[in-house]
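Observations on chain architecture
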Amino acid sequence: MNSPAQDSRNQQWVVSAAQAKQRIEQGATILDARTYLEWLMCHVLEAVHVNWKHFSQQQSPDKGKLLENLEILEQKLRNLGISNTRPVVVIGNPTHPWYFGEEGRIVWMLRTLGHPSAAFVDGGYTALTQAGVPTTLGLNQPIAGDFVVKATALWSIHRDELQAHLSVQSASKKLIVIDTRSLREFAGATPYGEQRRGHIPGAVQFYFKDLIDTKGYLLPRNQIIDKLNHFEIKLDTPIATYCTGGVRSAFFTAVLADLGFTNVKNYPGSMWEWSAAAPSSCPLE
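Residues numbered from 1 in each chain as written. Predicted model: local features only at pLDDT ≥ 70, side-chain atom pairs only at ≥ 80, totals over all residues. Heavy atoms only, no water.

1. Notes on the sheet that holds strand β1 (residues 14-15)
Which entries qualify depends on this criterion: At least two DSSP bridges between two strands are required for those strands to pair. Every helix listed is a DSSP run of H or I at least four residues long, and every strand listed is a run of E at least two residues long, numbered separately from the N terminus. In what follows, a contact means two residues having at least one pair of non-hydrogen atoms within 4.5 Å. Each axis is a line fitted through C-alpha atoms, taken for helices only over the stretch in contact, and angles between the N-to-C directions span 0 to 180 degrees.
Across the sheet, which stays open at both edges, the five strands sit in the order β1-β6-β5-β2-β4 with parallel pairing between neighbours. Every interior strand has two partners, whereas the edge strands, β1 and β4 (48-49), have only one. Against the sheet, helix α5 (residues 102-112) engages β2 (29-32), β5 (88-91) and β6 (118-121), with an angle of about 170° to β6.

2. Regarding unusual backbone geometry
Quick note on the threshold: Partly exposed describes any residue whose relative accessible area lies between the buried limit of under 20% and the exposed limit of over 50%, with all areas from a 1.4 Å probe on protein chains only and scaled to the type maximum.
Geometrically, the link from S60 to P61 is a cis peptide bond, its omega value of 5° lying close to zero. The residue P61 is located in the loop between β4 and α4 (70-79) in this model. Positive phi outside glycine occurs at E46, with the angle close to 75°. Inspection of the secondary structure puts E46 in the loop between β3 (43-44) and β4. Since its relative accessible area comes to 55%, E46 is described here as exposed. Its identity as a non-glycine residue notwithstanding, E232 has a phi of 60°, on the positive side. On the secondary structure map, E232 appears in the loop between α9 (221-229) and β10 (239-242).

3. Regarding the packing of α9 against helix α10 (residues 248-259)
As a reminder, the rule being used: Angle categories are assigned with fixed cut-offs, so that under 35 degrees is roughly parallel, over 145 is roughly antiparallel, 65 to 115 is roughly perpendicular, and the rest are oblique. Crossing chirality is assigned from the near helix's rotation relative to the far helix, an anticlockwise turn below a right angle marking it left-handed and a clockwise turn marking it right-handed. The residue classification treats Ala, Val, Leu, Ile, Met, Phe, Trp, Tyr, Cys and Pro as nonpolar and Asp, Glu, Lys and Arg as charged. All others, Gly included, are polar.
Relative to each other, α9 and α10 sit at 110°, their axes nearing to 11 Å. Considered as vectors, α9 and α10 are oriented roughly perpendicular to each other. You can see that α9 and α10 cross each other, and the crossing is left-handed. Across the interface between the two elements, R221, I224 and L228 of α9 pack against F252, V255, L256 and L259 of α10. Looking at the contact of α9 with α10 residue by residue, the class counts come to six nonpolar, no polar and one charged.

Taken by themselves, the reported measurements are silent on function.
Right, dumping it as structure tokens:
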């Protein structure tokens, strides 16, 4: 029998507004990853506000990495009403000017911790309201869930693993490293506190926002596949994604996992961690 983590390879990581509405009507847990102010002004009925930082380490250079204490993570998720057997729908706002793919980070986190049915809404909050999902201004207190962490390494790569891959590459198993930051960051800009500038050697630049259109919806599957084929990336190509703190790259990982890419991993430490290490062990171009 497959484990929940193995089964999650075949589950949707992204759902349409209509699919999300159906899951919500069937009792899914709803997490709103927009800003707190957006959530406070109006949110989907029974949606609980969530911030990816609440589940991550607080000290530099580890701020992109999940909390090491799994019991604390488990309790935090239970407090949001999350259970292993109850689907989770995550809402974002992909048209917000300071959007970083937070809903993708939450879904990646839940999948990494073993939740088999977590997905974010294509088009975000706007798409859901247009689909007729009821909204409210009221505060709500979720009923505690009974989530149990069943962590998997399927969707994550850590610094030492990435270093090992970069030092021993083979033509048949070459790891493609994707920098999901903007082109100016890739070229050396450090707007979010990286200690050194540049990008991981050999990385290709694919800005995470280039996966979505101006209305906040993901591009059609064939268009995304064509963009990836430009870098000779196939469905079974080993892929590692990174950004500054593993948020934009988590969104990228979630999209690719949903499209059927079978070996895509997010580097949560990303540039915060990599740039803080010695140049001899973690070089940058």
